[in-house]
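Spelled out, the chains give:
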Amino acid sequence: MIGTGVFTSLGFQLVDIKNTWSILLLWILGAVIAISGALTYAELGTKLRRSGGEYHFLTVTYNPLLGYLSGWVSLTIGFAAPIALAAMAAGSYTERYLQVNAKIIAIILIVIVSVIHMFDLRRSSLFQNATTYFKVLIILFFIVVGFLMPSTATAFDWSSGWKEEILLPSFAVSLIFVTYSYSGWNAAAYIVEEIKDVQRNLPIALIGGSLLVSLLYVLLQIVFLRQATLEQLSGKIEIGQIVAGQIFGDIGGQIISILIAVMLISSISAMVWVGPRVTKVIADDYRLWHFLRTTNKKGIPLIAIILQAVIAVIMVFTGSFDQILTYSGFMLQFFVAITVAGLFFVRKRKDYTGFKSPIYPIPQIIFLAISIWILTYLILEQPRESLIGLSILVVGILTYSIDYFCFRRKKNKT
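What comes next concerns the included structure. All residue numbers here refer to positions counted from 1 along the written sequence of the relevant chain. Two thresholds apply to this predicted model, a pLDDT of at least 70 for residue-level local features and 80 or more for giving and counting side-chain atom pairs, whereas whole-chain, interface and lining totals are computed over all residues. The basis for every side-chain value is the complete set of heavy atoms in the structure, and neither hydrogens nor water enter the calculation.

## Quick word on helix α3 (residues 54–61)
Accessible area is worked out with a 1.4 Å probe on protein chains only. A residue is then buried under 20% of its type maximum, exposed over 50%, and partly exposed in between. The helix and strand labels rest on DSSP assignments: H or I over at least four residues marks a helix, E over at least two residues marks a strand, and numbering proceeds from the N terminus. For α3, the tally of buried residues reaches six of eight residues, placing the bulk of the element in the interior. Of all the residues in α3, the buried ones are Glu 54, Tyr 55, His 56, Phe 57, Leu 58 and Thr 61. Whether two residues are in contact is decided by their heavy atoms: any pair within 4.5 Å suffices. Tucked into the core, α3 has its buried residues touching α2 (20–47), α4 (64–78), α12 (239–285) and α14 (321–348).

## A few points about the side chain of Ser 22
Here Ser 22 is to be found in helix α2. N or O atoms closer than or at 3.5 Å make up a polar contact, with two conditions inside protein: a donor-capable atom paired with an acceptor-capable one, and, for residues adjacent in sequence, both atoms drawn from side chains. Among the polar contacts made by the side chain of Ser 22, one reaches the side chain of Glu 165 at a distance of 2.7 Å. For Ser 22, the residues in contact, after removing those within four places along its chain, are Ile 17, Trp 162, Glu 165, Ile 166 and Phe 171.

## Some words on unusual backbone geometry
The omega angle of the peptide bond from Tyr 360 to Pro 361 is 5°, so this bond is cis rather than trans. Position of Pro 361 among the secondary structure elements: in the loop between α14 and α15 (362–381). Positioned with a positive phi, Gln 99 is a non-glycine residue whose angle comes to about 60°. Gln 99 sits in the exposed class, given a relative accessible area of 67%.

## Quick notes on the packing of helix α5 (residues 80–98) against α12
Simply put, an axis is a line fit to the C-alpha atoms, just over the touching stretch for a helix, and the angle between two N-to-C directions goes from 0 to 180 degrees. For the pair α5 and α12, the least separation of the axes is 8 Å and the interaxial angle reads 150°. Between α5 and α12, the angle is such that the two are roughly antiparallel. Taken as a pair, α5 and α12 cross one another with a handedness that is left-handed. Angle categories: roughly parallel below 35 degrees, roughly antiparallel above 145, roughly perpendicular from 65 to 115, and oblique for all the rest. Should the near helix be turned anticlockwise from the far one by less than a right angle, the crossing is termed left-handed; should it be turned clockwise, right-handed.

## Side note on the environment of Tyr 404
Along the polypeptide, Tyr 404 turns up in helix α16 (residues 383–413). A relative accessible area of 31% places Tyr 404 in the partly exposed class. When the C-alpha atoms of Tyr 404 and Ile 104 are compared, they prove to be 40 Å apart, with 300 residues separating the residues in sequence.

## Regarding a nonpolar patch on the surface
A surface patch of nonpolar side chains, about 410 Å² in accessible area, is lined by Ile 28, Val 32, Ile 359, Ile 362 and Ile 366. Contributions of two or more residues to the nonpolar patch are made by α2 and α15. With respect to the element layout, Ile 366 can be found in helix α15. Surface patches are drawn from residues lacking salt bridges whose relative accessible area is over 30%; two like charges belong together within 9 Å, two nonpolar side chains (Val, Leu, Ile, Met, Phe, Trp, Tyr) within 5 Å. Computed with a 1.4 Å probe, the accessible areas rest on the Shrake-Rupley method; for each residue, only the protein chains presented here act as cover. Just to be clear on terms, a salt bridge is a Lys or Arg side-chain nitrogen sitting within 4 Å of an Asp or Glu carboxyl oxygen.

## Focus: the pattern of salt bridges
According to the stated counting rule, one finds five salt bridges in the structure shown. A salt bridge links Arg 293 to Asp 284; the nearest nitrogen and oxygen atoms lie 4.0 Å apart. According to the relative accessible area criterion, Arg 293 is partly exposed, its value standing at 35%. What you see here is one network of salt bridges that share partners, running through Glu 43, Lys 47 and Arg 347.

## Some remarks on the side chain of Glu 165
Along the polypeptide, Glu 165 turns up in helix α8 (residues 162–165). A polar contact is formed between the side chain of Glu 165 and the backbone nitrogen of Lys 18, at a distance of 2.9 Å. In this structure, Glu 165 is in contact with Asp 16, Ile 17, Lys 18, Asn 19, Ser 22 and Phe 171, ignoring residues within four places of it in sequence.

## Remarks on the packing of α3 against α14
Interaxial distance between α3 and α14 falls to 10 Å at its minimum, and their mutual angle equals 45°. The angle between α3 and α14 falls in the class oblique. Regarding α3 and α14, the two cross each other, and that crossing is left-handed. Of the residues in α14, those in contact with Glu 54, Phe 57, Leu 58 and Thr 61 of α3 are Phe 335, Val 336, Ile 338, Thr 339, Gly 342, Phe 345 and Val 346. Of the residues in the contact of α3 with α14, the class split is seven nonpolar, three polar and one charged. In the scheme used here, Gly and all other residues not listed as nonpolar or charged are polar, with Ala, Val, Leu, Ile, Met, Phe, Trp, Tyr, Cys and Pro taken as nonpolar and Asp, Glu, Lys and Arg as charged.

Right under this line is the structure:
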């Protein structure tokens, strides 16, 4: 769940939102969304027990087309975009020191991590676990040192200006950067079939992970604001590098920046690992995509991994960081919101057993209200990025139609 956004998105928020209370409210709202979503997905995952996340939930709860479109978004941008963004961020953090173009670094990382995951599940698991533990240690280290070290410059603004800022359209738009940072809260729901004792362990993974990460995220943003000026942070991707330089000096900052870049490899690895397995579930159901379910002798979906890597590399070449984040965040928030709403329909059916979300339906209503607020302002304030996301849906409808008329209708006739 700990991904790229926590070390990159603050700079984009500070372009329009300056008040510290406003920034903290953004991250607290992000935590509320993540925890509310985790409660919902824990219930859906223990009742609709198949891997695939939104693809499976929407197919069962609504209809195959909506489930397919969610799967299509996962196939095209849902995992490839976070891979591209994490790789681009790692490139930005190391470009200055390696003297290599950031996009070249990003592409090399995508290729290397994809290759690591193409041969053996045990090797993939060890690599993912090692990088995840490393990532948590780096964040804890950053938080502790950031609070203990004296600050010579700060972006803190504890004035009452937040009252005006939270009413601005840019506040709602900034929330998409925050929700993207929290977006890994639903990752465990994509691999339900691989979780032992799912009724116990899935809620622990989703809810416990969301609570822990929410605390780390809010504390880390306070450290960033405490240790650097508004001018230094505003509009920048490499937030961690800037703050590390302020705390540790040039040499220390360089070391920490490289460690953060290594940490971002864990985010790439997580998406490379989970994404192709979701794709395989879709490929099993739709003949048009049968070729993506091809696996090696150890069950690794090779072609799906390769396709995902290719899409991520194309994104690195063709889009800017904030543009990719905005249109992918728009689509992901859209489908997650529909999935959360699906719990109302599942609750009406009496034949499902499993975990029950506490204080239902309050978390679900909160999640949907904030999601509608975000999506509405994104369409109004970022129409180009929103249009890119919607155009991806149109292509998805076309591919669904091709599969239906070429394969499913023929099968139904016979």
